[in-house]
Amino acid sequence: MSGETSFMDNMTAEAFLKPRLAALVSEADKAGYSQDVTVALLISLLDTMNFGADPNPPSAQGGAA
């Protein structure tokens, strides 16, 4: 190792994500969505989203005929 530490070594995931999530909830509130609805939807999205593989990959034939 070169002795250097990466940015992520110095910051926890919580410290990285918490202000972004707070800003997102605040923006949703300004748009008229309640905090409860926003948080519930975020949880639902996180439970259902696929963060690795594309669930609908393009076909090998280049699309529908």
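Residues numbered from 1 in each chain as written. Predicted model: local features only at pLDDT ≥ 70, side-chain atom pairs only at ≥ 80, totals over all residues. Heavy atoms only, no water.

Peer 1: Let's hear about the overall build of the protein chain: which residues, and what values?
Peer 2: Counting secondary structure elements, the protein chain contains two helices and zero strands. Burial status across the protein chain gives 5% buried among its 65 residues. Of the accessible surface of the protein chain, which amounts to about 6,000 Å², a share of 60% is contributed by carbon and sulfur atoms. (Helix = DSSP H or I, 4+ residues; strand = E, 2+ residues; numbered from the N terminus. Buried < 20%, exposed > 50% of the residue type's maximum accessible area, 1.4 Å probe, protein only. Areas by Shrake-Rupley, 256 points an atom, 1.4 Å probe, with all protein chains shown as cover.)

Peer 1: Describe the packing of aromatic side chains, naming the residues involved and giving the relevant values.
Peer 2: Enumeration according to the criterion identifies zero aromatic pairs in this entry. A cation over a ring is seen here: Arg20 above Phe16, with NZ or CZ 4.1 Å from the ring centre. (Phe/Tyr/Trp six-rings, centres within 6.5 Å; stacked < 30°, edge-to-face > 60°. Lys NZ or Arg CZ within 6 Å of the ring centre and 35° of its normal.)

Peer 1: Can you lay out a nonpolar patch on the surface for me, pointing to particular residues and giving the numbers?
Peer 2: A grouping of Leu41, Leu45, Leu46, Met49 and Phe51 is seen on the molecular surface, where their side chains present a nonpolar patch of about 540 Å² in accessible area. By secondary structure assignment, the location of Leu46 is in helix H2 (residues 35-48). (Patch = residues over 30% accessible without salt bridge, like charges linked within 9 Å, V, L, I, M, F, W, Y side chains within 5 Å. Salt bridge = Lys/Arg side-chain N within 4 Å of Asp/Glu carboxyl O.)

Peer 1: Residues and numbers for the side chain of Thr38, please.
Peer 2: Tracing the sequence through the fold places Thr38 in helix H2. Discounting residues that sit within four places of it in the chain, Thr38 has contacts with Val25, Ala28 and Tyr33. (Contact = heavy atoms within 4.5 Å.)

Peer 1: Let's hear about the packing of helix H1 (residues 13-30) against H2: which residues, and what values?
Peer 2: Following both chains from N to C, one finds H1 and H2 inclined at 130°, their axes separated by 9 Å at the closest point. One way to sum up the angle between H1 and H2 is to call them oblique. As for how H1 packs across H2, the hand of that crossing is right-handed. Across the interface between the two elements, Leu24, Val25 and Ala28 of H1 pack against Gln35, Thr38 and Leu42 of H2. Across the contact of H1 with H2, the residue classes tally to four nonpolar, two polar and no charged. (Axes fitted to C-alpha atoms, helices over the stretch in contact; angles between N-to-C directions. Parallel < 35°, antiparallel > 145°, perpendicular 65-115°, else oblique. Left-handed = near helix turned anticlockwise from the far one by under 90°. Nonpolar A, V, L, I, M, F, W, Y, C, P; charged D, E, K, R; others polar.)

Peer 1: Report on the environment of Gln35, specifying residues and quantitative values.
Peer 2: Assignment of secondary structure puts Gln35 in helix H2. What makes Gln35 exposed here is its relative accessible area of 53%.

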